Amino acid sequence: MVDGTNTLRDVDAKFKLHGRKIQIQRVKLLTAEGLSVDVDGALEGVGVQPKGTLNYLVGAEDQAAAWKLADLWAGESAAPADRDRFAAFAPIRVAGQMQLGARLASAADLTFDGVAGGGRVDARLKIDGGLSEWRKAPVDFVLRSDAADTARLFASLAGGRVSEDVQATTRDPGNVLVKAAGVPESDLMTLMTVDSRTVSLVFDGKTKIAADGVSALNGELQLRTGDVRQLMRLAGVELPRGVGELDYDGLADVAWTENRLVVTPRDVKLAGARIGGRAIVTVGEGGRSKVDGHFVADRGSLPRILSAVLSKPDGRQATLQVAKAEAAVPADEKAVADGVLAADAPPVFSNRAFDFTLLEGVSGTIELKTNHLEIADGVAVRQAVSVVRAREETLAFELKEAKALGGSFKAELTLTKAPAGATAKGSLSLQGADVARLGSVSGRVDVTNRERVFGTGRADLALDFKGRALTPRGVISVATGKGKMKLNGVTLTGLSPEGIREAAEATLAAEPYSGEQLRTLLQEATSAGRLDLGSRVVGLQIADGAVQVDRLEVAQKQGRSTVTMTADLATFAFDSEWQVVMSGAKASRPWPPVAVSYVGPLTKIGTSQARVVPDALERELAVRKMESNVNELERLRRLDEDAGARQRERRRQLELESQRLEAERAAAARRSGADGYYGANGAVNGWQATPVPAEAGQSAGEDDSNAQSVEPKEQSRRSNRRYRPRTNFRRKPKSFSNQIFDIE
């Protein structure tokens, strides 16, 4: 059967027509597009002002059938937006009732219940202007749906179309409630709620509905915990494929027209940050979009911003940005542990390819002020003012000002689409950084901790770099550049020549000798010594994915130190080595150096533990200890030889003294023999000999052992003078030699 432009099949109709009154007992039909209709009821005033009630059952299994249903709703060929709106609900099978002219002569009131879009749907519509003029007259409707896909349902209500990519990858079942009252084309008060697994929102405001769909929207959007990517998909907008999950919660004022969208967040929490400000999106000629905005947040993430130009994450990881943007606290648990080599540290930068799809036809500028801006995993700056600019396949990020380590930090990074990947060019500068703040993970000086101070003084840093590759990690590995670091009165805490000398002397003096004691003393000295770098300019070189600091040589009071350092950009790990040598006497052989290494994440450069390698010094001390022991044995031997010589000399002196005394006694005896000889009873030449008085403690009859008895020697020749021996000998005083050697 053909009815004008409509071709009908399988028609089963039974009705009565009398003038402008029709009584429908049964009408069943199937259109060429596949739309099935089953109607019964009664109408009067057909063709003029219909009035009556119709019961219906409608089925549209595919898009073509849904489009035909839209045409029947409009009474003629429907607008493309209306067709898409109906098509989004396919497959459709609903039953309901339509009352015409019940409340008003032109009114059309509908109710229906059934299945649409894979979920339950029911609605009540009161249309004062009838089906053909429903946008121009007041309406009052309520729609509830247990939707199998909230994105499709929302897009159909808004007159938009969900992209095929979203349809293929996104299924988000949930509940949708829409209440509206007013004139659709001018002022329709609207309350809409969406609750699903990933989306939860409430919109309360005004909307306008034109022939091609929603033309204006103005009101308050209450965002509940969910993923903002799903929220944008509800409006038919797909965020950059590299953007990971973005949790949101809060309120925002939304003003949307056909070519302009203004969003003003009010107490919105986005990706863990409290954010406020305004964003304006304008659609110009050729569909080109311009985005301008300014936001204020308590925290932000540079990796999140730059992830807009990365490819879609694979199924193994949901969010991997240009650099890991995981929470900085507890960053210590995720950072590279002390002593881990840079090669073993996890990579910081993503290995996903660059994708500049987002920037096609998009330009604009967004200013962001944050109290805490994360630069990379565990690395952040404070009080940051940054600007993001997009134009012609180029994304530029400028950090206009920020606070870091007590100084001022600035940076620029420009990513430009290249035939293979992207070209990156950037620079950074740090002015007036406080070296002491490197001793704290938070970047602040802990006045309560006086045990170890990393250093003192100020430092300036300037660095330029560039590179080209398919991925951010590739850019880092091939990047080249140079810069300089200016030190102003910088002193670092570490092993000093004085500390080595004290440890060496204590080890040599200890008995027994212990190499372990040397290592312990040197380890303790690493937190007590000072390396005075003073004021100087140090060169920096970028190559092979690392920053190489030029060699530092420092002369000190009791020796010298040499410092080298390399920072791995791929892992944000550093490796620094000190060679410390103490000076010795000019005549002695030189002391070997002591190596001290510091290895760990850059975020813990001021708190990393020193690893002392004193092998060469330990061997040298062992040799000198043995030499000292040999010298000691030689000294003792010489002392023994000197003592023996002194003993022999003492005995010789005793012998000489004894001979001298004997000679004196002999001479005295000779002098006495020339005066006479002994007579009877001790009388000599008639004189009585006077006995020697006894000393104290000695009786008169005891012999005096100290008395010198002289017996007359036989004279070799006779003399006329008789020998007169003396009989009153007394103890002779000791000579000086006898007193020294204690000889009687």
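Residues numbered from 1 in each chain as written. Predicted model: local features only at pLDDT ≥ 70, side-chain atom pairs only at ≥ 80, totals over all residues. Heavy atoms only, no water.

1. Some remarks on the overall build of the protein
And step 1. Across its full length, the protein holds 12 helices and 31 strands.
And step 2. Here the contacts in the protein between residues at least 6 apart in sequence split such that 54% fall between residues at least 24 apart.
And step 3. Carbon and sulfur atoms make up 52% of the accessible area of the protein, which amounts to about 41,000 Å² in all. (Helix = DSSP H or I, 4+ residues; strand = E, 2+ residues; numbered from the N terminus. Contact = heavy atoms within 4.5 Å. Areas by Shrake-Rupley, 256 points an atom, 1.4 Å probe, with all protein chains shown as cover.)

2. Some points on the pattern of salt bridges
Oppositely charged side chains may form a pair once their charged atoms are brought near each other.
And step 1. Under the definition given, this model contains 19 salt bridges.
And step 2. Taking the shortest distance from any N to any O, the salt bridge between arginine 519 and aspartate 615 comes out at 2.8 Å. Of the two residues, arginine 519 sits in helix α10 (residues 515–525) while aspartate 615 sits in helix α11 (residues 615–673), which places them 96 residues apart along the sequence.
And step 3. Exposure remark for arginine 519: the relative accessible area of 30% places this residue in the partly exposed category.
And step 4. Classification of aspartate 615 as partly exposed rests on a relative accessible area of 34%.
And step 5. Residue glutamate 664 is joined to arginine 660 by a salt bridge in which the shortest nitrogen-to-oxygen separation is 2.3 Å. Of this pair, glutamate 664 and arginine 660 are both found in helix α11, four residues apart, which corresponds to roughly one turn of the helix. (Salt bridge = Lys/Arg side-chain N within 4 Å of Asp/Glu carboxyl O. Buried < 20%, exposed > 50% of the residue type's maximum accessible area, 1.4 Å probe, protein only.)

3. Quick look at a nonpolar patch on the surface
And step 1. Among the surface-exposed residues, Leu633, Leu636 and Leu639 lie close enough to one another that they form a single nonpolar patch of about 280 Å² accessible area.
And step 2. The residue leucine 633 is located in helix α11 in this model. (Patch = residues over 30% accessible without salt bridge, like charges linked within 9 Å, V, L, I, M, F, W, Y side chains within 5 Å.)

4. Some points on the packing of helix α9 (residues 497–509) against α10
And step 1. One can describe the packing of α9 onto α10 by two numbers: an axis separation of 9 Å at closest approach and a directional angle of 155°. Judged by the inter-axis angle, α9 sits roughly antiparallel to α10. Handedness of the crossing formed by α9 with α10: right-handed. Note on element contacts: α10 touches α9 through Gln517, Leu518, Leu521, Leu522 and Ala525, opposite Gly499, Ile500, Ala503, Ala504, Ala506 and Thr507.
And step 2. In terms of residue class, the contact of α9 with α10 is made up of eight nonpolar, three polar and no charged. (Axes fitted to C-alpha atoms, helices over the stretch in contact; angles between N-to-C directions. Parallel < 35°, antiparallel > 145°, perpendicular 65-115°, else oblique. Left-handed = near helix turned anticlockwise from the far one by under 90°. Nonpolar A, V, L, I, M, F, W, Y, C, P; charged D, E, K, R; others polar.)

5. Regarding the pairing of strand β30 (residues 594–601)
And step 1. When you tally the buried positions in β30, you get eight out of eight residues, the bulk of the element.
And step 2. Examined bridge by bridge, strand β29 (residues 573–582) and β30 share eight bridges and lie antiparallel to one another. The residue of β30 that forms the bridge with valine 580 is valine 594.
And step 3. Relative to strand β31 (residues 611–613), β30 is paired through three bridges, and the arrangement is antiparallel. The partner of serine 597 across the bridge, within β31, is arginine 611. (Pairing = 2+ DSSP bridges.)

6. A look at the confidence of the model for the protein
And step 1. Averaged over the protein, the pLDDT score is 76; the fraction of residues at 70 or greater is 74%.
And step 2. Contacts for the low-pLDDT stretch residues 441–451, under 50 throughout, to residues beyond four places or in other chains number 11 contacts. (pLDDT = per-residue confidence, 0-100.)

7. Quick look at the nonpolar core
Most often, soluble globular proteins have nonpolar side chains that are buried together.
And step 1. Membership of the largest hydrophobic core comes to 43 residues, with the highest contact counts inside it found for Ile500, Leu522, Leu533, Trp578, Val594, Val596 and Leu617.
And step 2. Considering each element in turn, this core owes the most residues, five residues, to strand β26 (residues 530–543).
And step 3. Setting aside anything within four residues of it in sequence, one finds tryptophan 578 in contact with Leu492, Thr493, Gly494, Leu495, Leu531, Thr562, Val563, Val594, Ala595, Val596 and Tyr598.
And step 4. Core analysis: the second largest hydrophobic core is formed by 36 residues, Ala60, Leu69, Leu110 and Leu188 among them. (Core = buried A, V, L, I, M, F, W, Y, C linked by side-chain atoms within 4.5 Å.)

8. Things to note about α10
The α-helix winds at 3.6 residues per turn, so residues separated by three or four positions along the chain end up facing the same way.
And step 1. Three or more residues of α10 are buried, namely Gly515, Leu518, Leu522 and Ala525. End-on view of α10: buried residues confined to an arc of 80°, all on one side of the axis. Residues of α10 that are exposed and point more than 90 degrees away from the buried face comprise Glu516 and Glu524. (Arc of directions from axis to C-beta.)

9. Examining the side chain of threonine 264
And step 1. Mapped onto the elements of the fold, threonine 264 is located in strand β15 (residues 260–270).
And step 2. Each residue touching threonine 264, except ones within four places of it in the same chain, is listed here: Ala252, Asp253, Gly277 and Arg278.

10. Quick notes on the pairing of strand β17 (residues 289–297)
And step 1. Examined bridge by bridge, strand β16 (residues 273–283) and β17 share nine bridges and lie antiparallel to one another. For alanine 279, the partnering residue across the bridge sits in β17 and is glycine 293.
And step 2. Counting the residues between successive antiparallel strands, the hairpin from β16 to β17 contains five residues, one of them, glycine 286, with a positive phi of roughly 70°.
And step 3. Pairing between β17 and strand β19 (residues 362–376): nine bridges, direction parallel. When the bridges of β19 are listed, alanine 297 appears paired with threonine 370.

11. Some words on the packing of aromatic side chains
And step 1. This model, assessed by the stated rule, comprises two aromatic pairs.
And step 2. Look at tryptophan 578 and tyrosine 598: their rings are 5.7 Å apart centre to centre, the planes differ by 55°, and that puts the pair in the tilted class. Of this pair, tryptophan 578 sits in strand β29 while tyrosine 598 sits in strand β30; the two residues are 20 residues apart in sequence, bridging distant segments of the chain. For the pair shown, tryptophan 578 and tyrosine 598 are each scored as buried. (Phe/Tyr/Trp six-rings, centres within 6.5 Å; stacked < 30°, edge-to-face > 60°.)

12. Some details on the side chain of threonine 562
And step 1. Inspection of the secondary structure assignment puts threonine 562 in strand β28 (residues 559–568).
And step 2. In this structure threonine 562 comes out as buried when scored by relative accessible area, which is 11%.
And step 3. In contact with threonine 562, not counting residues within four places along its chain, are Arg551, Leu552, Glu553, Glu577, Trp578 and Gln579.

13. A look at the environment of leucine 492
And step 1. Mapped onto the elements, leucine 492 comes out in strand β25 (residues 480–493).
And step 2. Owing to a relative accessible area of 14%, leucine 492 belongs among the buried residues under this scheme.
And step 3. For the pair formed by leucine 492 and serine 527, sequence separation is 35 residues and the distance between their alpha carbons is 9.9 Å.
And step 4. Setting aside chain neighbours within four positions, we find leucine 492 in contact with Val435, Phe454, Gly455, Gly529, Arg530, Leu531, Leu533 and Trp578.

14. Structural notes on the environment of glutamine 579
And step 1. Positionally, glutamine 579 belongs in strand β29.
And step 2. Under the relative-accessibility criterion, glutamine 579 is labelled partly exposed at 26%.
And step 3. As for glutamine 579 and arginine 560, which are separated by 19 residues in sequence, their C-alpha atoms are 8.4 Å apart.
And step 4. Contacts of glutamine 579, omitting those with residues within four sequence positions, involve Arg560, Ser561, Thr562, Pro593, Val594 and Ala595.
And step 5. Separated by 2.6 Å, the side chains of glutamine 579 and glutamate 577 make a polar contact. (Polar contact = N/O pair within 3.5 Å; in protein donor to acceptor, adjacent residues only side chain to side chain.)

15. Re unusual backbone geometry
The phi torsion of most residues other than glycine is negative, and most of the peptide bonds are trans.
And step 1. Unusually for a residue other than glycine, aspartate 10 sits at a positive phi of about 50°.
And step 2. Examined against the element boundaries, aspartate 10 turns out to sit in strand β2 (residues 6–18).
And step 3. Among the residues examined, aspartate 10 registers a relative accessible area of 62% and is labelled exposed.

16. Quick notes on the environment of glutamate 220
And step 1. Considering the arrangement of structural elements, one finds glutamate 220 in strand β13 (residues 213–227).
And step 2. According to the relative accessible area criterion, glutamate 220 is partly exposed, its value standing at 31%.
And step 3. The spatial distance from the C-alpha of glutamate 220 to the C-alpha of lysine 206 is 9.4 Å, given a sequence separation of 14 residues.
And step 4. Residues within four places of glutamate 220 in sequence aside, it is in contact with Val202, Phe203, Asp204, Leu251, Ala252, Asp253 and Arg266.
And step 5. A polar atom in the side chain of glutamate 220 sits 2.5 Å from the side chain of arginine 266.

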